[in-house]
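# Coordinates in review
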Amino acid sequence: MDAKELLDSLDVGVLAMAPDWTIAAWSAAAARITALPADRVVGGSIWIAFPAAKGTELELVLVDVLADGKPRTFLAPAGTPEVAGTVLEIRVTRGPEDHLVLSFRPVHEELAPESRAAQLLSALEAERRLYLQLFSSLPTPALVLSPGGQILDANPEGANLLGGADATALRGRVLTEWAPAAQRGMLAAGLRHAVTKRQDVALSFEFAGEPAREVRAVVVNVDPVRAAPKLLFLALDVSREILLQQRLLQADRLSQLGALVSGVAHELNNPLAAIAAFGEALALEPHQSDLQESAEVIRSEAMRAGRIVQTLLDFARQRPRMQTAVDLGEIADRVLALQRSALKKARIRATISIPQDVPAVSGDPQELQQVMLNAVVNAGQAIEGTGRPGQIAIAGRSTDHHVLVTVDDTGPGVPPEILDRVFEPFFSTKAEHGTGLGLAISFGLVRGMGGRMWMQNVEGGGARLSFELPADAGSPDAAARAPGRPAGQRLSLLVVEDEEAVRRAMALLAKRLGHEVTTVGRFADATERLAQPGARYDALLVDVHLDEAHTGFDLFDHLRTAGQGLEQRIVFTTGDSISTQTRDALERAARPVLRKPFSLDELRELLERVTAG
């Protein structure tokens, strides 16, 4: 007679439980007593055979026997509908390779409802159901562990914390499987110490293809009187909290940087304005043809430096959302100016292909700059990850009352299985190097401006980020502009600027346009000039910051009080575009602003506009 025939000939039911709490063997008597055939239970959880005993003495005994190897006998309800009311006497012993052998037989075929045993079993069942309901309904992840870290049970949130596995599949596995190698020793020590004293632990859980989850947990021994304690591991996933803290810290640093940049912007943009103006004047000088190339380099580099300062200021400042006409070509130029050094270091060539006839879009300039920057940074990181040189191509074209912008890269593309998740908040493929917010923020910004955004892979390799925005209905149209003074008509200008180099540069450019220019450097000099008999100026170029006691806005208020309408001929000039005071004062004055540094064409266009009519 072989071992199976011998096992099936016994009057008592016998089962063998593997270390992962699944049934490895099931005798014929076991099937007869519980009305559960072998093919229904073998390979399944032990609780398939004893569903009413989960969380009761049976589970505790199984843990104890696994721990110390001492056989134990106890009574437990069968619990299956087919044998309701049956009480089993169960003997548990530990076999080879940490298998447990359970032999059981019915003590009574049926208990009378009024018997003491039935009442005890009923109370035990009620307690079991209450425990399971409380454990399962906890809103935070909860695990029941052995001191060695073996998972004995998990509630739904606990299973989700460990990657969404089914709770039954987790039983028997060790929690340290999910911890980074550097933290496993710390976790194991914390579980050992939790047997005698509550422990607070902080660790990371790692998952293939997903960002690590930061966890803070409390570990307590909920069964301290037993030789084999049971530890309750109550966890809190603080990944988003930590990420938000990092973002707040980053925002605070940006705010400090913004304040620093704001403090030097005026001092930096003023010399840049002078350099650009003198460079442009020199480049236009017909008698200095041998210096034209050098002069043009001086002018263009000064203007580029000014655009970089303006870009930094725009990113640092906080202001309400705007809805205006935005030139996407200009936005792309500014972003690439910011990224020029990083792209060069990564051996990435960036190109812009946005034809002149592509209309402006309706949106927020600062937000669109952030969208474009996020796209270029993501594309650059994708290429850099390949270790090879690459290319980023920014293109724009008109569609039906919209403008379509694409940012292509020659990186590895996006894995198809995550292509539809790239815009999810906190989803990142860059591990600790990414926040998972860049594309999510861009998606929200584009949606907020009435557009749409999507990602796709490019045939032959690489990815393409596309976004479409409504074309601005009021985009500048030369034929529709209000008639102004004929180009080249001589104007009388008053330049009020405190820095001599900038004052001379502005006068030089204005004279190059054929205008008559008077310059002053202080508030008192300006009011004196304007009060002279017969003084008449077609436009006043007034710096926002004048002498120690006055600003350009003081001059604006002085002229408005005089009641002659001269304040309506003011064009403010400034290198400070971030401070709240300057921004608010400019909005109240509602006058045109010429931002330093500026070009001859910008000065011409603004003078034509302010003197129109």
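Residues numbered from 1 in each chain as written. Predicted model: local features only at pLDDT ≥ 70, side-chain atom pairs only at ≥ 80, totals over all residues. Heavy atoms only, no water.

What follows covers the side chain of Glu280. Relative to the elements of secondary structure, Glu280 occurs in helix H10 (residues 239–283). Within the structure, Glu280 has its side chain in polar contact with the backbone nitrogen of Leu600 (distance 2.9 Å). Apart from the residues lying within four places of it in its own chain, the contact partners of Glu280 are Arg299, Leu509, Ser599 and Leu600. (Helix = DSSP H or I, 4+ residues; strand = E, 2+ residues; numbered from the N terminus. Polar contact = N/O pair within 3.5 Å; in protein donor to acceptor, adjacent residues only side chain to side chain. Contact = heavy atoms within 4.5 Å.)

As a working rule, side chains carrying opposite charge can pair if their charged atoms are close by. For the structure on display, the rule yields 13 salt bridges. With a shortest N-O distance of 3.0 Å, Arg171 and Asp153 are connected by a salt bridge. Here the residue Arg171 occupies a position in the loop between helix H8 (167–170) and helix H9 (181–194), and Asp153 occupies one in strand S7 (residues 151–154), the gap between them amounting to 18 residues. For Asp153, a relative accessible area of 2% translates into the label buried. (Salt bridge = Lys/Arg side-chain N within 4 Å of Asp/Glu carboxyl O. Buried < 20%, exposed > 50% of the residue type's maximum accessible area, 1.4 Å probe, protein only.)

This brings us to the packing of aromatic side chains. Inspection of every chain in the model, using the stated rule, returns 4 aromatic pairs. Centroid distance Phe553 to Phe572: 4.9 Å. Interplanar angle 50 degrees. Geometry classified as tilted. Taken together, the positions of Phe553 in helix H17 (residues 552–562) and Phe572 in strand S21 (residues 570–574) put the pair 19 residues apart, joining distant regions of the chain. Neither Phe553 nor Phe572 differs from the other in exposure class; each is buried. One aromatic cluster is present, built from ring pairs that chain together Phe553, Phe556 and Phe572. (Phe/Tyr/Trp six-rings, centres within 6.5 Å; stacked < 30°, edge-to-face > 60°.)

What follows is about the confidence of the model for the protein chain. In the predicted model, the protein chain carries a mean pLDDT of 80, and the fraction of residues at 70 or more is 78%. Contacts from residues 431–436, a stretch scored under 50 in pLDDT, to residues over four places away or in other chains number 10 contacts. Throughout residues 476–487 the model reports pLDDT below 50, and contacts reaching past four residues in sequence, or to other chains, amount to 9 contacts. (pLDDT = per-residue confidence, 0-100.)

Turning to the nonpolar core, a few remarks are in order. Within soluble globular proteins, side chains that are nonpolar tend to cluster in buried spots. Residues Leu368, Met372, Ile392, Ile394, Met455 and Phe467 are the most contacted members of the largest nonpolar core, which totals 39 residues. At the level of secondary structure, the elements contributing two or more residues to this core comprise helix H12 (328–345), helix H13 (365–384), strand S14 (390–399), strand S15 (402–409), helix H14 (438–448), strand S16 (452–457) and strand S17 (463–470). In terms of residue count, H13 provides more of this core than any other element does, 8 residues in total. What Ile394 contacts, discounting residues up to four positions off in sequence, is Ala332, Leu336, Thr351, Ile352, Ser353, Met372, Val376, Val405, Thr406 and Val407. (Core = buried A, V, L, I, M, F, W, Y, C linked by side-chain atoms within 4.5 Å.)

Bringing the environment of Arg397 into the picture now. Residue placement: Arg397 occurs in strand S14. With 44 residues separating them in the primary sequence, Arg397 and Ser353 have C-alpha atoms 8.8 Å apart. Contacts of Arg397, omitting those with residues within four sequence positions, involve Val358, His402, Val403 and Leu404.

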